[in-house]
Amino acid sequence: MSEGIAGQFSIEQIALVNQHQQSIDIRDLVQEFKLNESIHNKFCSATFAIADGIDLIKNYKMTGQEFIRISIKQKEGAPSESEDAVSDFSIDKTFRIFKIEELQRDNVQAPMQSYLIRCVEPRLYTCRRTRLSRVFRGSYDDILENIFVNYANIKE
């Protein structure tokens with residue numbers, strides 16, 4: 001393991017999981033990724049730029065129900081990394097794929113293709129699909145907390 005500067009990240013795993021619960025590590029295929037979190041959007045999103053020589057879309061049976069799990073650890077100092085998998089210095093998130101776009105094929109030298117995979121937190125789908133037909137009492141803060149914790153599975 002190479003020594004790094006405090007604040008740098010090391011990517012432990014980027015795993016693609018399909019609807020048959022088959023998992024494959026696509027860390028070597030990912031050329032670039034962006035992890036987005038905003039105060040204006042309620043949910044995290046991610047974009048992965050993929051350089052694919054194994055035709056992952058066809059051979060891995062991608063149908064639109066896939067998840068990508070990303071595990072990142074932040075370097076805490078000289079050569080050490082965050083030891084605890086769930087610490088303040090690590091990110092372990094699961095995203096659901098909602099779009100594959102900008103597919104470009106290069107069949108000149110080798111059957112290679114590149115594309116972008118756009119993902120979002122699975123809770124977005126839960127929050128958009130769940131309809132409540134209830135009467136709530138109390139302050140707006142208490143009502144929202146009740147809905148988020150009990151119906152959207154968002155921790156306090």
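The residue numbers shown here count from 1 along each chain, following its written sequence. In keeping with the predicted nature of the model, local features appear solely for residues at pLDDT of at least 70, side-chain atom pairs appear and are counted solely at 80 or more, and the whole-chain, interface and lining totals rest on all residues. Think of the side-chain values as coming from all heavy atoms in the structure, minus any hydrogens and water.

Looking at this model, I keep getting lost on the pattern of salt bridges. Mind explaining?
Once their charged atoms are close, side chains differing in charge can pair, the charge on each being opposite to the other. For this analysis, a salt bridge means a side-chain nitrogen from Lys or Arg found within 4 Å of a carboxyl oxygen belonging to Asp or Glu. Within this structure, the stated rule accounts for six salt bridges. Between Glu121 and Lys93 there is a salt bridge, and its shortest N-O distance comes to 3.0 Å. Placement of Glu121 in the loop between strand S7 (112-120) and helix H2 (123-129) and of Lys93 in strand S6 (residues 90-106) is noted, with a sequence separation of 28 residues between them. The buried label goes to any residue with under 20% of its type's maximum accessible area, the exposed label to any with over 50%, and the partly exposed label to all in between, with areas taken from a 1.4 Å probe on protein chains only. Judged by its relative accessible area of 22%, Lys93 falls in the partly exposed class. Lys99 is paired through a salt bridge with Glu101; the nearest N and O atoms lie 3.8 Å apart. What emerges from the salt-bridge pattern is a single network uniting Lys93, Glu121 and Arg123. Here a strand is any run of E in DSSP of at least two residues, a helix any run of H or I of at least four, and the numbering for each starts at the N terminus.

For this particular structure, what's the right way to read the packing of aromatic side chains?
Each aromatic ring pair is described using two quantities: the centre-to-centre distance and the angle formed by the ring planes. Pairing of aromatic rings covers Phe, Tyr and the six-membered ring of Trp, with a centre-to-centre limit of 6.5 Å; geometry is then stacked below 30 degrees between planes, edge-to-face above 60, and tilted otherwise. Applying the stated criterion across every chain, the model contains one aromatic pair. Relative to Phe48, the ring of Phe33 lies with its centre 5.8 Å away and its plane at 25°, an arrangement referred to as stacked. Placement of the pair is Phe33 in strand S3 (residues 30-36) and Phe48 in strand S4 (residues 45-52), with a sequence separation of 15 residues. On the basis of relative accessibility, which here comes to 25%, the residue Phe33 falls in the partly exposed class. Among the residues examined, Phe48 registers a relative accessible area of 0% and is labelled buried.

What am I meant to see in the environment of Gln19 here?
By the secondary structure assignment, Gln19 is in the loop between strand S1 (9-17) and strand S2 (23-25). Among the residues examined, Gln19 registers a relative accessible area of 29% and is labelled partly exposed. In this structure, the C-alpha to C-alpha distance between Gln19 and Gly64, residues 45 residues apart in sequence, is 8.7 Å.

For this particular structure, what's the right way to read the nonpolar core?
Soluble globular proteins tend to bury their nonpolar side chains together. In this text, buried Ala, Val, Leu, Ile, Met, Phe, Trp, Tyr and Cys residues form a nonpolar core when linked through side-chain atoms within 4.5 Å. Leu16, Ile26, Phe48, Ile50, Leu56, Ile68 and Ile117 are the most contacted members of the largest nonpolar core, which has 20 residues in total. Counting residues per element, the ones that place at least two in this core are S1, S4, strand S5 (67-74), S6 and S7. Any two residues whose heavy atoms approach within 4.5 Å are treated as being in contact. Leave out the neighbours within four places in its chain, and Ile26 touches Ile14, Leu16, Ile50, Leu56 and Ile68.

It is not clear to me how unusual backbone geometry should be interpreted in this structure. Could you clarify?
For residues other than glycine, phi is negative in most cases, and the peptide bonds are mostly trans. At Gln21, a position not held by glycine, the phi torsion is positive, near 65°. Structurally, Gln21 can be placed in the loop between S1 and S2. One non-glycine residue, Asp55, adopts positive backbone phi at about 50°. Asp55 sits in the partly exposed class, given a relative accessible area of 23%.

Looking at this model, I keep getting lost on the pairing of S7. Mind explaining?
Of the pairings in the sheet, the one linking S4 to S7 comprises eight bridges and is antiparallel in character. Considered in S7, the bridge of Asp52 is made with Gln113. When DSSP finds two or more bridges between two strands, those strands count as paired. Summarising the sheet, S6 and S7 pair through eight bridges and their orientation is antiparallel. Following the sheet pairing, Ile100 is matched in S7 by Ile117.

None of the figures reported here should be taken as evidence of function without further support.
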